[in-house]
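# Coordinates in review
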Protein chains: 2
Amino acid sequence: MRSDAARNRETLVRAAGDALAESGLDVPVAAIADRAGVAKGTVFRHFASKDELVVTVVAGLIDDLASRAEALLSEPDPLVALRDFVAAGVELQARDLAFCQVAATAEQQVPGLGDRRERLEQIAEVLAGRAREARAVRDDVTGRDVVGLMTAAYQGASAAGDPSRWPWFLSVLVDGLRPRPHRDAPR
Amino acid sequence: MRSDAARNRETLVRAAGDALAESGLDVPVAAIADRAGVAKGTVFRHFASKDELVVTVVAGLIDDLASRAEALLSEPDPLVALRDFVAAGVELQARDLAFCQVAATAEQQVPGLGDRRERLEQIAEVLAGRAREARAVRDDVTGRDVVGLMTAAYQGASAAGDPSRWPWFLSVLVDGLRPRPHRDAPR
DNA sequence: ACCTGAACACCGTTCAAGT
DNA sequence: ACCTGAACACCGTTCAAGT
């Protein structure tokens, strides 16, 4: 690849990252091209479709999140690790509209992120497993559930009319994860 | 209004309701017109824009949900009433893709539903107030929060890869609403 | 090899022509 | 008064022409 092409590609990814974070998945390709200072056609020389560019950007966001999650593996308190992981995902949704949309129902709309999703689920499963073993959470909490908690907390707060209320939703969810007392046991 | 026009309008709303439930907010106007057996232009004779047609349909769904919620006012157990209300909202999301999208971040995308939202929040506030007074939930739960729980439960399950798992998310959320023990009290 | 911008397809919206 | 379908604007995508 020629050096000017490599530079254009990188500029495009950065411009797309900014535009997607601000304006979400519906941002026109022309707006991204303008921001990068290239013609529309150049976008399609580097990416087969708008979706492929979106996937490149969002995959980078998920990779960053996964790295942060791996750092939490050294947190001694398993419930704190779990909560901080979910909080990191929620903060990313608050900061990046495109990720927020992908994390919500849009996930079906943007295929090609399956592998990143799996990586995230695997780390989440380790965190969930430690919390289960420590009896800090219900024994039926899976890694997938933990990933779902990120979306639940932010979308819940957002639907309640105040996205900044997400810590409240997160605390409700984390409280709700605690092991349930055996109600069917004899009193 | 001429009787044929009234019939067309009603056919359009029904066709739009079906198409939106199945295919979501991105369903083309042409698909709705086809399903109703009219020309595209007729849609815009009855509705100023696609959005106005969408609002008409979704407002009807929310009105139905609000009616179901009002029926729950006669439920004696306030926590059961709260849970059933949220469950009704979740089931609507599972059944209707357009409502699901509106309940998620799309709410900003479809304005004109503010009044319906308020009605729902008011009923939710009554249900929340009863549960608070009965000490069945934390004393900081608002009606808006309860509306947010509907989205949180469904979007959480959906993001966890299995929308049918929503009852699990709902049970976690409802458990999490229980009054927190005073941790700062002397042991 | 790469970039550009004109051209095309698709979809929401408008409107002149019909009934 | 209402309906129709051609026409227009917008945006994702393609590609012939340039460098």
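To be clear, the structure that these remarks concern was listed above.
Summary of the structure given here. (Residues numbered from 1 in each chain as written. Chains lettered and ligands numbered in written order. Predicted model: local features only at pLDDT ≥ 70, side-chain atom pairs only at ≥ 80, totals over all residues. Heavy atoms only, no water.)

## What about the overall build of chain A?
Helix and strand counts for chain A come out as 9 helices and 0 strands. What you see in chain A, going N to C, is helices and strands ordered as α-α-α-α-α-α-α-α-α. When its C-alpha atoms are laid out on the principal axes, chain A stretches across 75 × 35 × 25 Å. Summing over all exposed atoms, chain A offers an accessible surface of approximately 9,000 Å²; the carbon and sulfur share of this is 49%. The distance from the centre of the 24 positive side-chain charges to the centre of the 28 negative ones in chain A is 1 Å. (Helix = DSSP H or I, 4+ residues; strand = E, 2+ residues; numbered from the N terminus. Areas by Shrake-Rupley, 256 points an atom, 1.4 Å probe, with all protein chains shown as cover. Lys, Arg positive; Asp, Glu negative; His and termini not counted. Charge placed at Lys NZ, Arg CZ, Asp CG, Glu CD.)

## Considerations on the relation of the copies chain A and chain B
Overlaying chain A with chain B gives an RMSD of 0.0 Å, the required rotation being 180° about an axis along which the chain moves by 0.0 Å. Read as a symmetry element, the transformation amounts to a two-fold axis. A shared binding surface is used by both copies, with 100% of the interface residues of chain A retained as interface residues in chain B. (Least-squares fit on C-alpha atoms with pLDDT ≥ 70 in both. Contact = heavy atoms within 4.5 Å.)

## What about helix α7 (residues 114–133) of chain B?
Residues and elements named next belong to chain B. Over its 20 residues, α7 extends 28 Å from the first C-alpha to the last, a length consistent with the 28 Å expected when each residue adds 1.5 Å. When α7 is considered as a whole, its buried residues turn out to be Leu120, Glu121, Ile123, Ala124, Leu127, Ala128, Gly129 and Ala131. Residues of α7 that are buried sit in contact with α4 (50–71), α5 (78–95) and α8 (143–159). Positive backbone phi, approximately 60°, marks Arg135, located one or two places after α7. (Expected span 1.5 Å × (residues − 1). Buried < 20%, exposed > 50% of the residue type's maximum accessible area, 1.4 Å probe, protein only.)

## Overview of the interface of chain A and chain B
Across the boundary between the two partners, chain A contributes 38 residues, which contact 38 residues of chain B. Of the roughly 3,000 Å² buried at the junction of chain A and chain B (both faces included), carbon and sulfur atoms supply 49%. The largest share of the area that chain A buries against chain B comes from A:Thr105, A:Ala159 and A:Trp168, three residues that together contribute 18% of it. Linking chain A with chain B are 6 salt bridges. B:Arg180 serves as the salt-bridge partner of A:Asp175, at 3.0 Å between the closest nitrogen and oxygen. At the junction of chain A with chain B, the criterion picks out 13 residue pairs in polar contact (both at pLDDT 80 or more). Those elements that place two or more of their residues in the side of chain A that touches chain B are α6 (97–103), α8 (143–159) and α9 (166–177) of chain A. With 11 residues, α8(A) is the single largest residue contributor to the side of chain A that touches chain B. (Buried area = accessible area lost by both parts, 1.4 Å probe. Salt bridge = Lys/Arg side-chain N within 4 Å of Asp/Glu carboxyl O. Polar contact = N/O pair within 3.5 Å; in protein donor to acceptor, adjacent residues only side chain to side chain.)

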